[in-house]
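# Structural features, examined
Below are the chains, spelled out letter by letter.
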Amino acid sequence: MVATDDGYVVVNDGADDAARRRIFFLDKRCAVARTVSYPTRPRDTEDLAVGRDGTLWVADIGDNDRNRETIGLWRLAPGADRPVLHRMTYPDNAHDAEALLVDTTGRPLIITKGGSGTVVLYAPTTALKPGATTPLASVGKVVLPSTTTSNPFSFLGRGVVTGAASAPDGRRVVLRSYADAFEYDVSGGDVVGALTGGTPRITPLPDEPQGESITYSRDGRSLLTVSESADQPAGSRPTILRYPATAAPAGHPVESTTAAPPSAAAASPAAQAAGIDGGRVVSLAAGAGTLLALVAVAGLLWRRHTDRR
């Protein structure tokens, strides 16, 4: 998910259903405003990022079984009606990944999912070209801080990265696990340096059902999250939650908020409404709720964690 001036953009995790193989543009009430189809079937779309020029990048990088020969990024230029596929290959072996960042120069960064609290950053070695396969190179590792935040997957959920986002001004980036958000300050546009050498500020995201998405609000003052709804009660709809972002870098103060910090008990007062309706939690509207990923099952989740240990 990414937030836009008009609402949100979301994609599915997986593509078993042809109707879900699209990029969905939602309005501020989370109703589907338009969709964009892929020219060919994506494998496992996991994250979204928006470049400074408005280009939308869809990360087709999921690989639960770690057997893909290539991964892909779909590039949707502003105003375009079809995304263009760019293929990439890892320098070592296949990795499962669920997080994407685009730095201030437009360079994409793939963050592996990990499994024991350490994840690897990969970046293209040359400019991406349609119809070509671009080699990736490892550009650093990130060790996630240890936390005790309650989540459905216990310690496993605290040691993986399931999403990432850049603040609108480019001065912060955030990684998320199933349990927490980790915000890093970016100096001089050096995202890799921030992630590999910085000390993050932690926002607990307690007990989200299966939190695999995060984005900044357009004003940079909030973190917005949404979970998959697999294994939830029938009729459950994914809900966008809002958490206060942590302090901005010096010189860019964030207005204070009266919201209480998230507790380990539930996503309640601190996880407030994302959207235009004040204190009301915003569920994805009819249609959009079923368009987000609903495909994971408990056994697969366990495998996705344990396979990486």
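Described in the following lines is the structure provided in the data block. Keep in mind that this is a model prediction, so the values were computed, not measured.

Moving on, we come to the sheet that holds strand β4 (residues 32-37). With antiparallel pairing, four strands are arranged side by side in an open sheet as β1-β2-β3-β4. Since the sheet does not close on itself, it has two edges, and those belong to β1 (2-3) and β4, each with one partner. Where β1 and strand β2 (residues 7-10) come together, two bridges link them in antiparallel fashion. Pairing of alanine 3 across the sheet is with tyrosine 8, part of β2.

Along the chain, glycine 198 turns up in the loop between α2 (191-197) and β16 (201-204). The class for glycine 198 is partly exposed, based on a relative accessible area of 33%. Spatially, the C-alpha atom of glycine 198 lies 6.3 Å from that of tyrosine 184, the residues being 14 residues apart in sequence. Non-local contacts of glycine 198, meaning those with residues more than four positions away in its chain, are made with Tyr184 and Gly193.

Another point: unusual backbone geometry. Phi is positive for cysteine 30, close to 70°, though the residue is something other than glycine. Checked against the element boundaries, cysteine 30 lands in the loop between β3 (22-27) and β4. On the accessibility criterion, cysteine 30 (0% relative accessible area) is buried. Although it is not a glycine, serine 154 adopts a positive phi angle of roughly 55°.

Analysis parameters
Residues numbered from 1 in each chain as written. Predicted model: local features only at pLDDT ≥ 70, side-chain atom pairs only at ≥ 80, totals over all residues. Heavy atoms only, no water. Pairing = 2+ DSSP bridges. Helix = DSSP H or I, 4+ residues; strand = E, 2+ residues; numbered from the N terminus. Buried < 20%, exposed > 50% of the residue type's maximum accessible area, 1.4 Å probe, protein only. Contact = heavy atoms within 4.5 Å.

Treat this as a map of the structure, not an account of what it does.
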